[in-house]
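# Chains, contacts and geometry: an overview
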Amino acid sequence: MNRPWRIARRTFLRGTAASMALPLLDQMWSSDREAYAATPPLRFAAVYVPNGILMQRFTPATTGSNYALTPSLRPLEPIKSEVLVVSDLHNRVAGELPNLHLAGVASFLTAQFPNGRDGVINNHTTVDQVIAQSVRGQTRFNSLELAAEAGGIEGCDGIPCVYGLTLAWANSRTPLKVEVNAQSAFNRIFSDVSTGPNVGDGELEQRTKLRTSVLDVVRSDADRLRARLGTADRLKLEEYFSSVRELETRLMQATGAGTGQMCKPGAVPAKTLDYRANAKAMLDVIALAFQCDITRVVTFMLGAWESSYVFDFLSVRADHHGVSHHGGDSGNWRDLEAINTWEVSQFAYLAEKLKNMKEGDGSVLDHSALLFGSDVSDGDSHSYENMPTLVAGRLGGAINSGRHIRAPEGTPAANLLLGLMRGYGLTDARFGNSTAALNLKA
Amino acid sequence: MHHRLSRPAFVPVLLALMVGCQGRVSAPDGAESGDSAIAGAGGGEPGPLLGIPEGQTCAANVDPGRTVLRRLTADEYDNTLRDLLGDASTPGRGFPADDQSAADQLILTGLLFEKYETAASTVVDAVWQREMTSSKTEPHLLICKPSGGDTACARRLIKTFARKAFRRPVDDAELAAYYKLAESGDIVAGTKAAVRALLTSPFFLFRIEVPSAGDASKVSPLSPHELATRLSYALWASTPDARLDQLADSGTLAKSDVLQTEIRRMLADPKAEALATSFSARWLGFREVLSSRPDAQMFPEVTPALLASMALETERFMRELIVQDRPLIDLLDAEFTFADAGLAQHYGLPTAGLSEQALTRVDVAGQARRGILGHGSFLVSTSPPTRTSPVKRGKWVAGRLLCSAPPPPPPGEDIPSEAATQAKTERERLAIHRVKPQCAGCHELIDPIGLGLDRYDPVGKFRDEVKGQPIDDSGVMPDGTAFKGPNELATLLRKDRRFAECTAHHLLTWTLGRVPQGADGCLVGEVADTLVKPGAGISELWSTIVKSRAFTHRRGDVQGETP
């Protein structure tokens, strides 16, 4: 909580009220520069794309730093030196569920069998949440769950659809809901940051005080209710208690410490029904949230599980899921390559944006790991072998990027997740079905 | 919930997957424990209870089951605000989607809680402003106007609204914290905050059924107010109205004849359209067509407005069945639908007298297009952009209408492309792949259904040929019955016991907030029997459900039971 590189919220607000925010911020920034550079926060983002990847156009032919970019990886050109391409990781644990896409989404960040039969919600804590919990309380949002496209809530073959609606599970029975509207996401995250001209210090504080009082009242209702409930109902009510706590913690922080000093939220993104615009606005929100140190952990679904989106802006006429069942057809391959290239370009956009955000002696990207992946590798056969995997960022020096590496045969994707956890200072012996932590420097 | 299948136990299911869907054809014996139902489900699905003998009734002491705390869904939340505060802003549409109506799967997380908090603030400000400035109508909230040191008004306002928001009588003691909040500073800001708190309290956000004191595991009838709440959310997806409150207060609601009168009254109320807009929307998925994207070059005539008309067609159609108290089974072959001029033209129906803007009831007697199987919402949402998919249509019918969806293909199996098979028609292509035994088991259940509907093109129009090949829409169901075309298929589905049981399954899941299990088999059977009873309208169906022990009673926690 006591980070020397932060300025008090009230100072920040007075600054903005006096319409001299930016010069003031820069001054404060330079005075704390050294202290800040010593402890830049580490961030984690997972970017998911649906329906797998056409690996034939994705995996580089050679390893090392001089590999040639494949057609689908071409958008990485400007940041090739910041990206680690990892091939030959499998995620076989996902199998054995009636819907292989859902199983793949649910195990993407757990590397464990997702249960989910018999309509049961019983997955595992995801790696993003493990990381988020290790830095709990240090930022206003413990983590953010975002998606550019709303997920299907029908046709889940008897598995709770929620297995495909989010990447993040706080624990075995708490899938974290995603925000799918970039404008709402922006407003939620920055509502207490971008203070309009009419909101003075006192008014905001008064509002926050009342909100906190409301939470006190409803929590005492929940306490009274709890005393009258049986075991099963109490477990359900626990969701309520933890939701109240989460908001309460944030409100307390809002009146105390300020937001990240370099934070310039800028204009609210326009409300849009256009998928591309919404996706881009979401990526902007993620970058801003990292830059402002509003959160350290984000999961983002660029497309919905088993997405049937029609990429007409790429001149693809069939729907994504349909095309992913390519059957070896050359037309489908062409379409998939176009879709995959666009997906990689979105990932590259985020990485490049973070790279251009100066922080300490480097950039925000230098202090981040951005993981790119999907629920399956080849969408036609729903394969869990050779999962498509990219990692952008150097994670404070924990990753030696700019290379293509092949994992030894039979390496589970869990080893990569455990390797990433090491970069965040986590010393857990195992994660999921890991056999060892993948060495990201060698 | 029950997590019965441990990992090793799953191996036999995998084997079943490999050999196809044989396990599906013979319905499991639902009268036994849920295990058999699950084993029969083939893909490890939650095992709808199927194959329940006709004409059986539930024993008087049947286990009524129990539902955990049930959070309001987004629709229920919006409807409830509408009825409590006259608010039409539908904030719930911006909430993260719920994928289930079973209570244990209605998860609450921080994000959703924040949405509730924000919505409460916005809605209270709006109603406050509305009722401060206008006194034309009966106030929803401002029965008096709090000001200055007048705490009596604030208390009265809070208590009156709490009674409605909590759906039960309240007393001053439990509202003490609310009164204190209202009086803590500026009385207006404080009272608004207190109302916001009422709308954020677990007593509002959850439908609460608390076991009476004593042995928490024993069966007890719902309290009158809990019963009113169940009834109201079952038929209206909203909060009880003044009359239900009154009947609950007087303790008369549970009487059989009172319930009967209320069911009829409630179904005649416009609020019962929730059964079309919420229940049916989920069951039949008719809004999925709104995100369908038929190929613009092949089908330039398909506009977003036309797709919207298709979704509305099914909604209005279901509403009509309810309003007219028709048998619900008529959804398969009713001789009417709803259309505007554009949709009628698209379907090839007469357009004379139809509005360009609004859908009206259209007679389709004697036409080949009847019932839900002829609705664009189903036909288009199950089609890829450029062609039909008999597999998807067949799976939709088998899954949604018969609760018998086969599992997806095992890893590594897929239908070969047209080019690979050099098949002239979709029928030939599917026949080639059904030669594989690992495909045949399941696809024999769904392919004939979809092929029987293939005279509807990807956008729901009639056609006689595809790429110069005439369409053969004949088929043979797994039990050997032959049929030709949509209307004969609808007739077969009407006689299929699985349709009646599956519909019962959907209705009971919606109503009880849990998936019917083991002991509910008899009720599934009773509801299915009512559904096929000649002349029995929707009100009789609801009567069977509402008077059941599962609806009127509740079991407490069994020791060690976890959700």
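In this text the structure is predicted, and so the values were computed from the model without any measurement.

## A look at the overall build of chain A
On a plain count of helices and strands, chain A comes out with 13 helices and eleven strands. Per-residue burial over chain A gives 62% buried out of 442 residues. Across chain A, every contact between residues at least 6 apart in sequence was considered, and the portion connecting residues at least 24 apart equals 73%. A total of about 15,400 Å² of accessible surface is found on chain A, and carbon and sulfur atoms cover 51% of it.

## Some details on the interface of chain A and chain B
Taken residue by residue, the interface counts 67 residues in chain A and 78 residues in chain B. Overall, the association of chain A and chain B removes approximately 6,500 Å² of surface from exposure, summing both partners, and the carbon and sulfur fraction of that is 58%. Where chain A packs against chain B, one counts nine salt bridges. Note that Arg66 of chain B is salt-bridged to Asp233 of chain A, the shortest N-O span being 3.2 Å. Listed by contribution, the elements that provide at least two residues to the side of chain A that touches chain B are α6 (162-165), β5 (174-175), α7 (182-190), α8 (201-227) and α9 (231-255) of chain A. Element by element, the count of residues in the side of chain A that touches chain B is highest for α9 of chain A, at 13 residues.

## Quick notes on the confidence of the model for chain B
Residue and element names in this part refer to chain B. Mean pLDDT over chain B: 87, with 88% of residues reaching 70 or higher. In the predicted structure, residues 1-20 sits below a pLDDT of 50 and forms 39 contacts with residues beyond four places in sequence or in another chain. Low pLDDT, under 50, characterises residues 559-563; the stretch is placed with ten contacts to residues that sit more than four places away or in other chains. Interface confidence for the predicted complex, expressed as ipTM, amounts to 0.88; the pTM equals 0.87.

## Notes on the pattern of salt bridges
Any two side chains of opposite charge can pair if their charged atoms end up close together. Enumeration according to the criterion identifies 61 salt bridges over all chains in this entry. Taking the shortest distance from any N to any O, the salt bridge between Glu114 of chain B and Arg188 of chain A comes out at 2.8 Å. With one member in each of two chains, Glu114 of chain B in helix α5 (residues 110-133) and Arg188 of chain A in helix α7 form a pair that bridges those chains. Each member of the pair, Glu114 of chain B as well as Arg188 of chain A, carries the same accessibility label: buried. Among the salt bridges present, the one from Arg498 of chain B reaches Asp496 of chain B, with a minimum N-O distance of 2.9 Å. Each of Arg188, Glu246 and Arg250 of chain A together with Glu114 of chain B takes part in one network of salt bridges that share partners.

## A few points about the nonpolar core
Ranked by size, the top nonpolar core spans 94 residues in total, and within it Leu231, Leu328, Leu331, Leu373 and Trp542 of chain B carry the most contacts. Among the elements that take part in this core, helix α14 (residues 304-323) of chain B stands out by supplying eight residues, more than any other. Discounting residues that sit within four places of it in the chain, Trp542 of chain B has contacts with Ala234, Leu235, Ile263, Leu267, Leu275, Leu507, Trp510 and Thr511 of chain B. Counting residues in hydrophobic clusters, the runner-up holds 61 residues, among them Val218 and Leu251 of chain A together with Cys144 and Ala194 of chain B.

## What about empty space enclosed by the protein?
Residues and elements named next belong to chain A. As enumerated under the stated definition, the model contains eleven cavities of 30 Å³ or more in all. Estimates place the volume of the largest cavity at around 120 Å³. In terms of lining, the largest cavity is formed by 13 residues, of which the most central are Phe108, Met387, Pro388, Thr389 and Ala413. Elements with a contribution of two residues or more to the lining of the largest cavity: β9 (368-374) and α13 (413-423). Of the residues that constitute the lining of the largest cavity, the class distribution is nine nonpolar, four polar and no charged. Its volume calculated, the second largest cavity comes out at about 90 Å³. Looking at the lining of the second largest cavity residue by residue, the classes come out as three nonpolar, two polar and five charged.

## Quick notes on the packing of helix α23 (residues 521-532) of chain B against helix α24 (residues 538-546) of chain B
All names here are of chain B. Running from N to C, α23 and α24 cross one another at 165°; their axes reach a closest spacing of 9 Å. Judged on the interaxial angle alone, α24 and α23 are roughly antiparallel. The element α23 and its partner α24 pack so that their crossing is right-handed. In contact with Leu523, Glu526, Val527, Thr530 and Leu531 of α23, α24 contributes Glu540, Leu541, Thr544 and Ile545. In terms of residue class, the contact of α23 with α24 is built from five nonpolar, two polar and two charged.

## Digging into the sheet that holds strand β6 (residues 297-301) of chain A
Residue and element names in this part refer to chain A. The sheet built from seven strands is open, its strands ordered β3-β6-β1-β9-β10-β2-β11 with mixed pairing. At either margin of the open sheet sits one strand with a lone partner, and together these are β3 (144-147) and β11 (403-412). Strand-to-strand twist across the sheet, computed as the mean angle between neighbouring axes with direction ignored, equals 20°. In the sheet, strand β2 (residues 83-90) pairs with strand β10 (residues 390-392) via three bridges, with the strands oriented antiparallel. Along β10, the bridge assignment pairs Val85 with Leu390. Each of β1 (43-49), β6 and β9 is contacted by helix α4 (residues 100-108), which is oriented at about 175° to β1, the strand it contacts most.

## A closer look at the side chain of Ser238 of chain B
Residues and elements named next belong to chain B. Mapped onto the elements, Ser238 comes out in the loop between α10 (224-236) and α11 (242-249). When its relative accessible area of 0% is taken as the criterion, Ser238 is described as buried. Among the polar contacts listed, one links the side chain of Ser238 to the backbone oxygen of Asn79, at a separation of 3.2 Å. In this structure, Ser238 is in contact with Asn79, Thr80, Arg82, Asp83, Ser232 and Tyr233, ignoring residues within four places of it in sequence.

## Quick word on the packing of aromatic side chains
All told, the structure shown has 27 aromatic pairs over all chains when counted by the stated rule. A centroid spacing of 4.9 Å and a plane angle of 80° characterise the contact between Tyr309 of chain A and Phe311 of chain A, whose relative ring orientation is edge-to-face. Note on accessibility: Tyr309 of chain A and Phe311 of chain A belong to one class, buried. Aromatic pair Phe378 of chain B and Trp396 of chain B: ring centres 4.3 Å apart, planes at 35°, arrangement tilted. Taken together, the residues span a long stretch of sequence, with Phe378 of chain B in helix α16 (residues 376-381) and Trp396 of chain B in helix α17 (residues 390-401) at a distance of 18 residues.

Procedures and definitions
Residues numbered from 1 in each chain as written. Chains lettered and ligands numbered in written order. Predicted model: local features only at pLDDT ≥ 70, side-chain atom pairs only at ≥ 80, totals over all residues. Heavy atoms only, no water. Helix = DSSP H or I, 4+ residues; strand = E, 2+ residues; numbered from the N terminus. Buried < 20%, exposed > 50% of the residue type's maximum accessible area, 1.4 Å probe, protein only. Contact = heavy atoms within 4.5 Å. Areas by Shrake-Rupley, 256 points an atom, 1.4 Å probe, with all protein chains shown as cover. Buried area = accessible area lost by both parts, 1.4 Å probe. Salt bridge = Lys/Arg side-chain N within 4 Å of Asp/Glu carboxyl O. pLDDT = per-residue confidence, 0-100. Core = buried A, V, L, I, M, F, W, Y, C linked by side-chain atoms within 4.5 Å. 1 Å grid on protein atoms, 1.4 Å probe; cavity = no way out; pocket = protein on both sides within 12 Å on 5 of 7 lines; lining within 4 Å. Points joined across faces, edges and corners; volume = space filled by probe spheres on them. Nonpolar A, V, L, I, M, F, W, Y, C, P; charged D, E, K, R; others polar. Axes fitted to C-alpha atoms, helices over the stretch in contact; angles between N-to-C directions. Parallel < 35°, antiparallel > 145°, perpendicular 65-115°, else oblique. Left-handed = near helix turned anticlockwise from the far one by under 90°. Pairing = 2+ DSSP bridges. Polar contact = N/O pair within 3.5 Å; in protein donor to acceptor, adjacent residues only side chain to side chain. Phe/Tyr/Trp six-rings, centres within 6.5 Å; stacked < 30°, edge-to-face > 60°.

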